[in-house]
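Next come the chains, spelled out residue by residue.
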Amino acid sequence: MELRSPVINASGTFDAIAARGVYGDALLKEFPFSAFVSKTITLEPRAGNEPQRIWETPAGMINSIGLPNKGFEGFIAEDLPQLGELPVPLIVSVMATGHEDFGRMVSALDEREEVAAFELNVSCPNVHSGLIVGEQPAETVALLEALRPLTQKPLIVKLTPNVADPAAVAVAAEEGGADAVSLINTMKAAAIDPATGKPGIGVGQGGLSGPAVRPIAIAQVRAVAAAAGVPIVGMGGVSSGADAREMLAAGATLVAVGTENFRDPRAGDRITKELFEQSARPT
Ligand code: RRO
């Protein structure tokens, strides 16, 4: 894939269809990212978790959205045609609990010209389906070996930071035939509302993102870059061009912006400009 800049969005943090509803077709002329990653979809529709789903923290936020989505059929019928109109390549994020369901989505989307690549979300902290594939290198290899024959489009594996050795999972993904890895997903976290003494997140805990996690993301991206040969989409608290530069210096090929989109919907554009301005300046 050739992209006009190294800055894309993190899955689930920028709703391009809603944004077009607000900004109109102006969004298409000045799309803030060089590729668009969809919110993760599943085969069946999901309602998501009970509120409260987001809790602001001193340097970021905790979320437990719980993967609400209209399901694969709904995505194909309603969202894909609209996402296909975006002026940048579309990366569809998919998640399933078994190889078969993953395979059904990947095979069907492989035939759609709107889809440039897949992100395999093996790292959601908020869905209680038993095994999290991305916590186990052996499960990660097995999933990739099942999916690799189904498509020639790039497969990007989204890694969890909630393991002792994310590099081992990245190496497993590469062994299984992944084209790239993306990291980090959110870090398991919780907060208590001091006013009530109850958890700030409805289901009790969620995933932390934002500037607080950036040093952790940098450490994990460095470790993965040292161990694996595939390109890395680095993310975790990137909110400026300087942050993006740090992520690239850590070993990422692309940088994804997530939590900052909630504060500034034009963050992708701003961070791209800041990155290019800094790159042009002699160091
Ligand atoms: O929907 C979510 O709660 C969610 C997902 Br799928 C994910 O991968 N990471 C995250 O922090 N939240």
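Higher on the page you've got the structure.
Note that the structure is a prediction, hence the values are computed from the model and not measured.

Draft legend 1. How the structure looks around the overall build of the protein chain. Within the protein chain, the secondary structure is distributed over 10 helices and 12 strands. Against the compact-globule benchmark of 19 Å for 283 residues, the protein chain has a radius of gyration of 18 Å, which places it among compact chains. Oriented by its inertia axes, the alpha-carbon framework of the protein chain measures out at about 50 × 50 × 45 Å. Looking at the protein chain as a whole, 54% of its 283 residues qualify as buried. Intrachain contacts of the protein chain at a sequence separation of at least 6 include 73% that bridge at least 24 residues. Here the protein chain displays about 12400 Å² of accessible surface, and carbon together with sulfur accounts for 52% of that area. Taking the average location of the 22 positive side-chain charges in the protein chain and that of its 33 negative ones, the two points are 6 Å from each other.

Draft legend 2. Spatial organisation of the site of the ligand. Surveying the vicinity of the ligand reveals the residues Lys39, Asn63, Ser64, Ile65, Gly66, Leu67, Asn121, Cys124, Pro125, Asn126, Asn185 and Thr186. One of the side-chain nitrogen or oxygen atoms of Lys39 is found 2.7 Å away from an oxygen atom of the ligand. Gly66 places a polar main-chain atom, nitrogen or oxygen, 2.8 Å from an oxygen atom of the ligand. Expressed as a share of its isolated accessible area of 320 Å², the protein-covered part of the ligand is 92%.

Draft legend 3. Main features of the packing of helix 7 (residues 214-227) against helix 8 (residues 241-249). Where helix 7 meets helix 8, the axes come as close as 9 Å, and the angle between the chain directions of the two elements is 25 degrees. Here helix 7 is positioned roughly parallel relative to helix 8, judged by the angle of their axes. Along its contact with helix 7, which presents Arg214, Ala217, Ile218 and Val221, the element helix 8 presents Asp243, Glu246 and Met247. Split into classes, the residues belonging to the contact of helix 7 with helix 8 amount to 4 nonpolar, no polar and 3 charged.

Draft legend 4. Representation of unusual backbone geometry within the structure. The step from Pro51 to Gln52 runs through a cis peptide bond, and the omega angle for that step is 0 degrees. Looking at where Gln52 falls in the secondary structure, it is placed in the loop between strand 2 (36-37) and strand 3 (54-57). Ile184 follows Leu183 through a cis peptide bond whose omega is 10 degrees. Its place among the elements puts Ile184 in the loop between strand 8 (180-183) and strand 9 (187-189). Even without glycine at this site, Leu67 takes up a positive phi of about 60 degrees.

Draft legend 5. Structural context of the pairing of strand 3. In the sheet, strand 3 pairs with strand 4 (residues 60-63) via 4 bridges, with the strands oriented antiparallel. Residue Ile54 lies in a different strand from strand 4, and its bridge partner there is Asn63. Between strand 3 and the antiparallel strand that follows it, strand 4, lie 2 residues.

Draft legend 6. Region of interest: the sheet that holds strand 12 (residues 254-257). The strand order across the open sheet formed by 8 strands is 1-12-11-8-7-6-5-2, and the pairing between neighbours is parallel. The two strands at the open ends of the sheet, each matched to only one other strand, are strand 1 (7-9) and strand 2. Together, strand 5 (90-94) and strand 6 (115-121) form the strand contacts of helix 4 (residues 99-110), whose direction differs from that of strand 6 by roughly 170 degrees. Packed on one face of the sheet, helix 7 meets strand 8 and strand 11 (232-235) and runs near 165 degrees to strand 11.

Draft legend 7. Quick look at the pattern of salt bridges. Summed over the entire model, instances satisfying the criterion amount to 15 salt bridges. Put simply, Glu260, Arg263, Asp264, Arg270 and Glu274 are held in one network by salt bridges that share partners.

Draft legend 8. View of the packing of aromatic side chains. Under the counting rule described, the total for this entry stands at 5 aromatic pairs. Where Phe14 meets Phe31, the ring centres are 6.1 Å apart and the plane angle is 85 degrees; that geometry is what we call edge-to-face. Of this pair, Phe14 sits in the loop between strand 1 and helix 1 (16-23) while Phe31 is found in the loop between helix 2 (26-29) and strand 2, placing the two residues 17 residues apart along the sequence. For Phe14, a relative accessible area of 8% translates into the label buried. Ring plane angle 70 degrees and centroid distance 6.2 Å describe the contact between Phe31 and Phe33, whose orientation is recorded as edge-to-face.

Draft legend 9. Highlighting the sheet that holds strand 4. Pairing is antiparallel in the open sheet, where 4 strands are placed in the order 3-4-10-9. The open sheet has two free edges, formed respectively by strand 3 and strand 9, since each of these has just one partner strand. In this sheet, neighbouring strand axes are inclined to one another by 35 degrees on average, regardless of whether the strands run parallel or antiparallel. As paired strands, strand 4 and strand 10 (residues 206-209) are joined by 3 bridges and run antiparallel to one another. From the neighbouring strand, Ile62 faces strand 10, where its bridge partner is Leu208.

What counts and how
Residues numbered from 1 in each chain as written. Predicted model: local features only at pLDDT ≥ 70, side-chain atom pairs only at ≥ 80, totals over all residues. Heavy atoms only, no water. Helix = DSSP H or I, 4+ residues; strand = E, 2+ residues; numbered from the N terminus. Rg over C-alpha atoms; globule rule 2.2 N^0.38 Å. Buried < 20%, exposed > 50% of the residue type's maximum accessible area, 1.4 Å probe, protein only. Contact = heavy atoms within 4.5 Å. Areas by Shrake-Rupley, 256 points an atom, 1.4 Å probe, with all protein chains shown as cover. Lys, Arg positive; Asp, Glu negative; His and termini not counted. Charge placed at Lys NZ, Arg CZ, Asp CG, Glu CD. Near = heavy atom within 4 Å. Polar contact = N/O pair within 3.5 Å; in protein donor to acceptor, adjacent residues only side chain to side chain. Axes fitted to C-alpha atoms, helices over the stretch in contact; angles between N-to-C directions. Parallel < 35°, antiparallel > 145°, perpendicular 65-115°, else oblique. Nonpolar A, V, L, I, M, F, W, Y, C, P; charged D, E, K, R; others polar. Pairing = 2+ DSSP bridges. Salt bridge = Lys/Arg side-chain N within 4 Å of Asp/Glu carboxyl O. Phe/Tyr/Trp six-rings, centres within 6.5 Å; stacked < 30°, edge-to-face > 60°.

Take it as geometry only, folks, not as evidence of what the structure does.
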